[in-house]
Amino acid sequence: FCMILARRLFFFSLAGIYLVFAALVVEDFDHKFGLCMFKNITGLDCPGCGMTRSFIFLLKGDYTRSISYHKLGIPVFFIFSLYFFQTFSKLFLDKSFNLLSIFGKEKFLFSMVILFGSVYVSKLYSMGVSRILADLKNGYGWKIVELIIG
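Think of each chain on its own: its residues are numbered from 1, step by step along the sequence as written. With the structure being a predicted model, the display of local features is reserved for residues of pLDDT at least 70 and the display and counting of side-chain atom pairs for 80 or more, all residues being used for whole-chain, interface and lining totals. Only hydrogens and water are set aside when side-chain values are computed; all heavy atoms of the structure are taken into account.

1. Some thoughts on the overall build of the protein
Test applied: The numbering of helices and of strands both runs from the N terminus, where a helix is a DSSP run of H or I of at least 4 residues and a strand a run of E of at least 2. Note on contacts: a residue pair is in contact if any heavy atoms of the two residues lie within 4.5 Å. Here the accessible surface of atoms and residues is derived via Shrake-Rupley with a 1.4 Å probe, and residues count as covered only by protein chains that are part of the display.
A count of helices and strands for the protein gives 8 helices and 0 strands. At a minimum sequence separation of 6, the contacts of the protein that also span at least 24 residues come to 56%. When the accessible surface of the protein is totalled, it reaches about 10500 Å², and 71% of it is carbon and sulfur.

Below, the structure written as structure tokens:
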């Protein structure tokens, strides 16, 4: 159990170091990464697209840009922070408390899926059908279907 907590803390720490480094070093973070498997296959932004950039601009204090990259960036950042401190306290302070237990794990996860899904559907709706189809044609999935169909 302690190894699982230590591993979680390690990965959260790495992510935190990366975000702080990026917030301090990177001046303009407007370029898009090509690492997202969902975007590479479908051509569409994934439901979490822009979250890292949102976190970085939150750390820089640019709340407007943070929200512009992902509407849920600020609340998700604080949820991750709470989870980090909860894991830290369990591992090092031997204090067991669950800051997110107000909802219960299942209700919390369900509400997050609904929230992310709603924001994503809203984003797709605002893009319009022609843009969605154009983005789909840029994905590898579409190209594979074209190769198969001929």
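2. Quick look at helix 3 (residues 51-59)
Condition: Remark: exposure states derive from per-residue accessible area (1.4 Å probe, protein chains only) relative to the maximum for the residue type, with buried under 20%, exposed over 50%, and partly exposed in between.
Counting buried positions along helix 3 gives 7 out of 9 residues, so the element sits mostly inside the fold. Just beyond helix 3, the residue with positive phi is Gly 61, at close to 85 degrees.

3. What to know about the nonpolar core
For clarity, the threshold we go by: Here the nonpolar core consists of buried residues drawn from Ala, Val, Leu, Ile, Met, Phe, Trp, Tyr and Cys, with membership extended through side-chain atoms lying within 4.5 Å.
If you look at the biggest cluster of nonpolar residues, it comprises 10 residues: Met 51, Phe 55, Leu 58, Leu 72, Val 76, Phe 77, Ile 79, Phe 108, Met 112 and Phe 116. Counting only elements with at least two residues in this core, the list comes to helix 3, helix 5 (73-93) and helix 6 (105-127).

4. Let's talk about the packing of helix 3 against helix 5
Rule in force here: Angles here are taken between N-to-C directions and fall from 0 to 180 degrees, while the axes themselves are lines fitted to C-alpha atoms, restricted in helices to the stretch in contact. Convention used here: angles under 35 degrees read as roughly parallel, angles over 145 as roughly antiparallel, angles from 65 to 115 as roughly perpendicular, and any remaining angle as oblique.
Relative to each other, helix 3 and helix 5 sit at 80 degrees, their axes nearing to 9 Å. Between helix 3 and helix 5, the angle is such that the two are roughly perpendicular. Across from Met 51, Ser 54, Phe 55, Leu 58 and Leu 59 in helix 3, the residues of helix 5 making contact are Gly 73, Ile 74, Val 76, Phe 77, Phe 78 and Phe 80.

5. Considering the packing of aromatic side chains
Rules: Only Phe, Tyr and Trp rings are paired, with Trp represented by its six-membered ring, and only when their centres lie within 6.5 Å; those with planes under 30 degrees apart are stacked, over 60 edge-to-face, the remainder tilted.
Applying the stated criterion to the full structure yields 5 aromatic pairs. Relative to Phe 77, the ring of Phe 55 lies with its centre 5.4 Å away and its plane at 65 degrees, an arrangement referred to as edge-to-face. One end of the pair, Phe 55, is in helix 3; the other, Phe 77, is in helix 5, with 22 residues separating them in the sequence. Here Phe 55 falls in the buried class, since its relative accessible area comes to 7%. Consider the rings of Phe 55 and Phe 80, whose centres lie 6.1 Å apart with planes at 80 degrees: the pair is edge-to-face.

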